[in-house]
Amino acid sequence: MPVLKGKELRVVGFLCNWCSYGGADTAGVGRFSQPTDLRIIRVPCSGRVDPMFVVKALLGGADGVLVSGCHPRDCHYSQGNFYARRRLETLKTFLPALGIDPDRFQYTWVSASEGQRWKNVVSTFVEKVHQLGHAPRIEEAAPYLPLAAGGDSPRAPLRPLAYPAAGTLAASLEQLREKIRAALPELDCVIGWQQGFDALHATPLFMRKPEDVDKLTWGPLNVHNLATYLPQFKNRKVGVVVKGCDSRSVIELLQEKLVEPDNVRVFGMACEGVVDMARVQKTLDAGNADGAMCADVAPAAVAAEGDGLTVEGEAPARLKLADVVAEKCRTCDTPVPLLGDVVEGNASAPAGPAPDAPPSLEVLDAMTPEQRRGFWRAQMDRCLRCYACRNACPMCVCRDHCIAESRDPHWTTQEGNVREKLQFQVIHALHLAGRCTECGECQRACPVNIPVLSLKQWMNRSVRTLFDYRAGVDVNAVPPLLAFAVEEKNIKEHGL
Amino acid sequence: MSFARYIARGELARALDDMARGRVTYAPRREGDAVVFRPRAEGEEPLLARATVPPKGVIFPQSERLFAFIREKDPNDPGHTTVRLDSTVDIEPALIFGGRPCDARGFHIFDRVYLNGPHRDPYYAARREATVVVTLACNKAGSTCFCHWTGCGPADTTGSDILLTPVGEGADAGFVAVAVTERGGAVLEAANLPEADAARSDAAQAVHAATQAALDAQSPARDLSATPARLLERFSDSDFWRDMSDKCLSCGACTYLCPTCYCFNITDENDGGDGMRGRRLRSWDNCMSSLFTREASGHNPRMGKALRLRNRVGHKFSYYPQLHEGVVSCNGCGRCITGCPVSVDIREMVVRATEANEETPNA
Ligand code: SF4
Ligand code: SF4
Ligand code: SF4
Ligand code: SF4
Ligand code: SF4
């Protein structure tokens, strides 16, 4: 590990000014021999270390990253390291999702007087990094595309998905319309869905006049999470129609005070599931030799009843809902909106049991770290950097001021390479830690179908394991990364 | 110069190998659920599906290095630095196979700006000249296709060097290949293919006519000649643009998927923190992004998404045609509609802007 024993590696150390930097100084003054691989960056507090710093270093070619701050309860700013502990522990559990060995990152506490401890910490960590060797670069990973080979096999939903008879559905929809018409005079608009450019697509509808309400539709094509639009109506009264999952986004927005409770009226409808358009298209295209000369030929009409979709037109078909339903609906345990001034539809719709891990995450889980690097390399290769994933996300509220595009600070370059693109996905996942309701809009919006949701699902699983927390269920809760506990139940101190 | 050859379906990969000798071929490939253009290996059977992302990146890369800069301190006078530029551009001869007429016509829209306008863009020019475009005529009309409104069409040859039309079925399936330009002719000759007989040429014509008819049945072609002026009349109608843009997320996916969108950003990227060396990059930019017009002062003349969407539609259907003999800079490929996460429909905006004015001409 010291330079004397072989080649130096690149290890970045973020040291808090008050304790660990002092500790390193003490070690120096005491002439303790230390490895020379560490490049120290002095920061005011370990709480200043944004997990992004660590990921940027690791994606950029660092072989290891060490963060060290004051011992818990010793923070110069009293609480900085408590926040740091939550963030850094979350980060540690997230790194494997990118195919990065979590042992390349460590955080610890060293006080200014602990010269000997500093020497031990840095020696142990650097030695571990040497055992791991040079960090493999994501841009050099062998492309790995298991999904392209048709490995995407839909699983049975955990609850039976069945649309009510057309008449029942129409009656519920009419009731919903009535409630909206009644509320409309007090509201700027009510956001719902209407038929889109063809029978296979719905599109958001902004109802301002009573006659607009007639256009409101309900069904499995209402894929969009309309909560995304709420923050832009600041200080205006607005209504929104939600499915069960969408209601969690509204709760999260209320919880974070990104919308005002007095300004938003929620019109809920119990939900039987929405479709994944890519799957529908694939199913309709199947049997079209020569890879479908044109992939977007639309049917004349689509209707949902019972457990399927009836497609009329040039190629009539009956699609089973279970085959084409959105991934999130397979494991949905909130089909009935969790809040709503109005809730229509089958309010006693059964919820599925909450699964330990969403099925789509199993794809990532099943890979080796090397395969994961190859997976992201291959997937991100086609990313357009359009940021539709960000703009469709109800919880991404910086948008026009996103650090992905900012020149000050200059976080990502305009380079079209995998590293910069993945870096952005990491920004999104980290900023959504403990806030993401897994609505899946990020992935649905991606025009080139990059499975970016799985990164957030991974993150959410970490948050659930560490903090026993789920976003968007309790208006009064505080997202776990905006809080801390002096004694953390599920974080054990890392010995170094 | 125009002549026709026949490629049997089973011969396509071989013929492509011959046409592409000495060139990198870009052909559609399925990645996940998307179809993108990727370098093709010799012998590889190309996908014929219409790509999700058009091939514009081959000639106008998503991100390209214009030059590298290296600052050097004068050893005798440390206060003095000189800047060295390295502007070598690496451009390989290429061939794009399998784009559609709307994709190829996109290059023509670019040409008017980057080749034949007041400034000739050397990077674009070099790539454009090094690239042969082999296009596949459409035999089906997608639900978002409206090329027949815009002067393009399912067998339009503008921007292409060779046009392939799929004919026949089953064992008799193949392509009639027509050389559109001289270099297309040379490339096609190299493939050593039999001449397309009259029956097959007629079959190709029939495919063109049938697809055109399918498009007309789906939505009759519109006369867009009045649209540029009509859109200008709508310029200050904020209610109209609010209604049109309500659901837009301002993400810009539409522009990156568009074969005719050509706006770019230029940034200097430092290699290392000391600012002594770095690169100047040109990368795709889009009018739907707030940064596109944000000024150094912080002021943004296009504050909201309504004004940004107005620019996108206005540029394509009003400002560009007014500068370019009425040519609209939209080829009706429909990708912005299919790829938009919330299905914003450019056809609807164009029609509504045009029609509403017809009712109230001085509105
Ligand atoms: S996740 Fe649940 S509430 Fe959301 S669309 Fe699917 S079934 Fe409906
Ligand atoms: S990150 Fe994706 S899944 Fe999570 S809230 Fe945002 S859009 Fe929804
Ligand atoms: S939406 Fe898809 S293509 Fe666009 S930036 Fe996100 S991951 Fe990339
Ligand atoms: S029109 Fe659609 S794709 Fe374009 S910026 Fe708006 S939401 Fe994004
Ligand atoms: S504006 Fe839309 S329809 Fe027109 S060329 Fe661009 S992507 Fe295609």
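Remember, it's a predicted structure, so these values are computed and weren't measured experimentally. (Residues numbered from 1 in each chain as written. Chains lettered and ligands numbered in written order. Predicted model: local features only at pLDDT ≥ 70, side-chain atom pairs only at ≥ 80, totals over all residues. Heavy atoms only, no water.)

## Looking at the overall build of chain B
Here is step 1: When you go through chain B residue by residue, the secondary structure sums to 12 helices and 11 strands.
Here is step 2: Principal-axis analysis of the C-alpha atoms places the extent of chain B at approximately 75 × 65 × 40 Å.
Here is step 3: Within chain B, contacts between residues at least 6 apart in sequence are counted, and of these 71% link residues at least 24 apart.
Here is step 4: Within the structure as shown, chain B displays about 14,900 Å² of accessible surface, and the carbon and sulfur contribution to it stands at 51%. (Helix = DSSP H or I, 4+ residues; strand = E, 2+ residues; numbered from the N terminus. Contact = heavy atoms within 4.5 Å. Areas by Shrake-Rupley, 256 points an atom, 1.4 Å probe, with all protein chains shown as cover.)

## Focus: the packing of aromatic side chains
Two aromatic rings are characterised by how far apart their centres lie and by the angle between their planes.
Residue and element names in this part refer to chain B.
Here is step 1: According to the stated counting rule, one finds 22 aromatic pairs over all chains in the structure shown.
Here is step 2: A centroid spacing of 5.8 Å and a plane angle of 75° characterise the contact between Phe 110 and Tyr 262, whose relative ring orientation is edge-to-face. In this pair, Phe 110 sits in helix H3 (residues 101–114) while Tyr 262 sits in the loop between helix H9 (253–256) and strand E10 (264–270), placing the two residues 152 residues apart along the sequence. For the pair shown, Phe 110 and Tyr 262 are each scored as buried.
Here is step 3: With a centroid separation of 5.6 Å and 45° between ring planes, the pair formed by Tyr 256 and Trp 284 is classed as tilted. Taken together, the positions of Tyr 256 in helix H9 and Trp 284 in strand E11 (residues 277–284) put the pair 28 residues apart, joining distant regions of the chain. (Phe/Tyr/Trp six-rings, centres within 6.5 Å; stacked < 30°, edge-to-face > 60°. Buried < 20%, exposed > 50% of the residue type's maximum accessible area, 1.4 Å probe, protein only.)

## Some thoughts on the interface of chain B and chain A
Many structure descriptions define interface size as the accessible area lost when the parts assemble.
Here is step 1: Each side of the interface is counted separately: chain B has 59 residues, and chain A has 52 residues.
Here is step 2: Taking both sides of the interface into account, the surface hidden between chain B and chain A amounts to around 4,400 Å²; carbon and sulfur atoms contribute 52%.
Here is step 3: Of all residues in chain B, B:Asp33, B:Lys140 and B:Leu249 give up the largest surface area on contact with chain A, accounting jointly for 13% of the area buried on that side.
Here is step 4: Run the count over chain B and chain A and you get eight salt bridges.
Here is step 5: Between A:Asp400 and B:Arg308 there is a salt bridge, and its shortest N-O distance comes to 3.3 Å.
Here is step 6: Mapped onto the side of chain B that touches chain A, the elements with two or more residues apiece are strand E2 (24–31), strand E3 (34–39), helix H8 (238–245), H9, E10, E11, helix H10 (305–323) and helix H11 (335–339) of chain B.
Here is step 7: Of all the elements, E11(B) adds the most residues to the side of chain B that touches chain A, at four residues.
Here is step 8: Grouping the amino acids of the side of chain B that touches chain A by side-chain chemistry returns 22 nonpolar, 17 polar and 20 charged. (Buried area = accessible area lost by both parts, 1.4 Å probe. Salt bridge = Lys/Arg side-chain N within 4 Å of Asp/Glu carboxyl O. Nonpolar A, V, L, I, M, F, W, Y, C, P; charged D, E, K, R; others polar.)

## Some details on the packing of H8(B) against H10(B)
To describe two helices that pack against each other, one gives the angle between their axes and the distance between the axes.
Residues and elements named next belong to chain B.
Here is step 1: Close contact between H8 and H10 brings their axes to 9 Å; oriented N to C, the two are set at 90°. Relative to H10, H8 is oriented roughly perpendicular. Residue-level inspection shows Trp 241, Arg 242, Met 244 and Ser 245 of H8 in contact with H10, the latter providing Lys 305, Ala 306, Leu 309, Arg 310 and Val 313.
Here is step 2: The residue makeup of the contact of H8 with H10, split by class, is five nonpolar, one polar and three charged. (Axes fitted to C-alpha atoms, helices over the stretch in contact; angles between N-to-C directions. Parallel < 35°, antiparallel > 145°, perpendicular 65-115°, else oblique.)

## Side note on the confidence of the model for chain B
Here is step 1: Summarising the model, chain B shows a mean pLDDT of 94, and 98% of its residues fall at 70 or more.
Here is step 2: Predicted complex, confidence summary: ipTM 0.94, pTM 0.94. (pLDDT = per-residue confidence, 0-100.)

## Details of the site of ligand 2
Residues and elements named next belong to chain A.
Here is step 1: Taken together, 13 residues form the shell around ligand 2, and within it Cys 393, Cys 436, Cys 439, Gly 440 and Cys 442 come nearest.
Here is step 2: Put simply, the parts of the chain that give the shell around ligand 2 at least two residues each are helix H16 (441–445) and helix H17 (453–467).
Here is step 3: Classifying every residue of the shell around ligand 2 gives seven nonpolar, three polar and three charged. (Near = heavy atom within 4 Å.)

## Things to note about the packing of helix H3 (residues 80–94) of chain A against H17(A)
Residues and elements named next belong to chain A.
Here is step 1: At a minimum axis separation of 9 Å, H3 and H17 run at an interaxial angle of 130°. Between H3 and H17, the angle is such that the two are oblique. Crossing of H3 against H17: the hand is right-handed. In this structure, H3 contributes Arg 86, Glu 89, Thr 90, Thr 93 and Phe 94 to the contact, and H17 contributes Leu 455, Trp 458, Met 459, Ser 462, Val 463, Leu 466 and Phe 467.
Here is step 2: For the contact of H3 with H17, the residue count by class is seven nonpolar, three polar and two charged. (Left-handed = near helix turned anticlockwise from the far one by under 90°.)

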